[in-house]
Amino acid sequence: MEISKKVPQNTITRDVKYLAEPTGNLYETCVILSKRANQISLAEKKELAKKLEEFKNERDTMDEVFENKEQIEISKYYEKLPKPDLIAIQEFEDGELYYRKAGAEEDNGSVKDEPKETDAE
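Residues numbered from 1 in each chain as written. Predicted model: local features only at pLDDT ≥ 70, side-chain atom pairs only at ≥ 80, totals over all residues. Heavy atoms only, no water.

### Describing the overall build of the protein chain
Secondary structure summary: the protein chain contains 4 helices and 2 strands in total. Traced from its N-terminal end to its C-terminal end, the protein chain shows the element sequence α-α-α-α-β-β. For the protein chain, with 121 residues in total, the buried portion stands at 26%. Of the contacts made within the protein chain by residues no fewer than 6 positions apart, 65% connect residues no fewer than 24 positions apart. Taken as a whole, the protein chain presents about 9300 Å² of accessible surface, with 49% of it coming from carbon and sulfur. (Helix = DSSP H or I, 4+ residues; strand = E, 2+ residues; numbered from the N terminus. Buried < 20%, exposed > 50% of the residue type's maximum accessible area, 1.4 Å probe, protein only. Contact = heavy atoms within 4.5 Å. Areas by Shrake-Rupley, 256 points an atom, 1.4 Å probe, with all protein chains shown as cover.)

### Here's the deal with a nonpolar patch on the surface
Where nonpolar side chains cluster on the molecular surface, the patch consists of Val16, Leu26 and Tyr27 and spans about 310 Å² of accessible area. Within the secondary structure layout, Tyr27 lies in helix 2 (residues 26–53). Using a relative accessible area of 64% as the deciding quantity, one classes Tyr27 as exposed. (Patch = residues over 30% accessible without salt bridge, like charges linked within 9 Å, V, L, I, M, F, W, Y side chains within 5 Å. Salt bridge = Lys/Arg side-chain N within 4 Å of Asp/Glu carboxyl O.)

### Quick word on the packing of helix 2 against helix 3 (residues 69–80)
Viewed as axis vectors pointing N to C, helix 2 and helix 3 meet at an angle of 170°, and their least axial separation amounts to 10 Å. In terms of orientation, helix 2 lies roughly antiparallel with respect to helix 3. Along its contact with helix 2, which presents Glu44, Glu47, Leu48, Lys51 and Leu52, the element helix 3 presents Gln71, Ile74, Ser75 and Tyr78. Tallied by class, the residues present in the contact of helix 2 with helix 3 amount to 4 nonpolar, 2 polar and 3 charged. (Axes fitted to C-alpha atoms, helices over the stretch in contact; angles between N-to-C directions. Parallel < 35°, antiparallel > 145°, perpendicular 65-115°, else oblique. Nonpolar A, V, L, I, M, F, W, Y, C, P; charged D, E, K, R; others polar.)

### Side note on the packing of aromatic side chains
Inspection of the entire model under this criterion finds 2 aromatic pairs. Their ring planes at 40° and their centres at 6.1 Å tell us that Phe92 and Tyr99 sit as a pair that is tilted. (Phe/Tyr/Trp six-rings, centres within 6.5 Å; stacked < 30°, edge-to-face > 60°.)

### A word on the side chain of Arg14
You can see Arg14 is positioned in the segment before helix 1 (16–20). Within the local environment of Arg14, its side chain forms a polar contact with the side chain of Glu93, the two groups lying 3.1 Å apart. With sequence-adjacent residues up to four places away left out, Arg14 is seen in contact with Pro8, Leu19, Leu86, Ile89 and Glu93. (Polar contact = N/O pair within 3.5 Å; in protein donor to acceptor, adjacent residues only side chain to side chain.)

### A few points about the nonpolar core
Soluble globular proteins tend to pack their nonpolar side chains together in the buried interior. The biggest cluster of nonpolar side chains holds 13 residues, and the ones touching the most others in it are Ile32, Leu33, Ala88 and Phe92. Tallying contributions element by element places helix 4 (residues 84–93) first for this core, with 5 residues. Setting aside its immediate chain neighbours within four residues, Leu33 contacts Ala88, Ile89 and Phe92. (Core = buried A, V, L, I, M, F, W, Y, C linked by side-chain atoms within 4.5 Å.)

See the structure below:
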């Protein structure tokens, strides 16, 4: 998963009033952000598992732990990536998320250009 935009590595203090403006409700914003963070987390997990699968050996047992330098570098790379919740907040602030209420009409003014999809309930 490539992060092309500037996302902070550490948590920063944010004004909750500013975060709640697009939805009009802080709790709806939290649901949107948590669902998007879960999507990002699952995508990163799948990507990491796919890369680490190349190093899997059928003969590996609990006693024989083979440390591969490339495997360690891949793991360190993923550890240094911004956390999924920080990425979700940045996408939300940049207007890159598409969200809708279940059962609501599509014309709620939240549609952006080619956004990531998140369904809020």
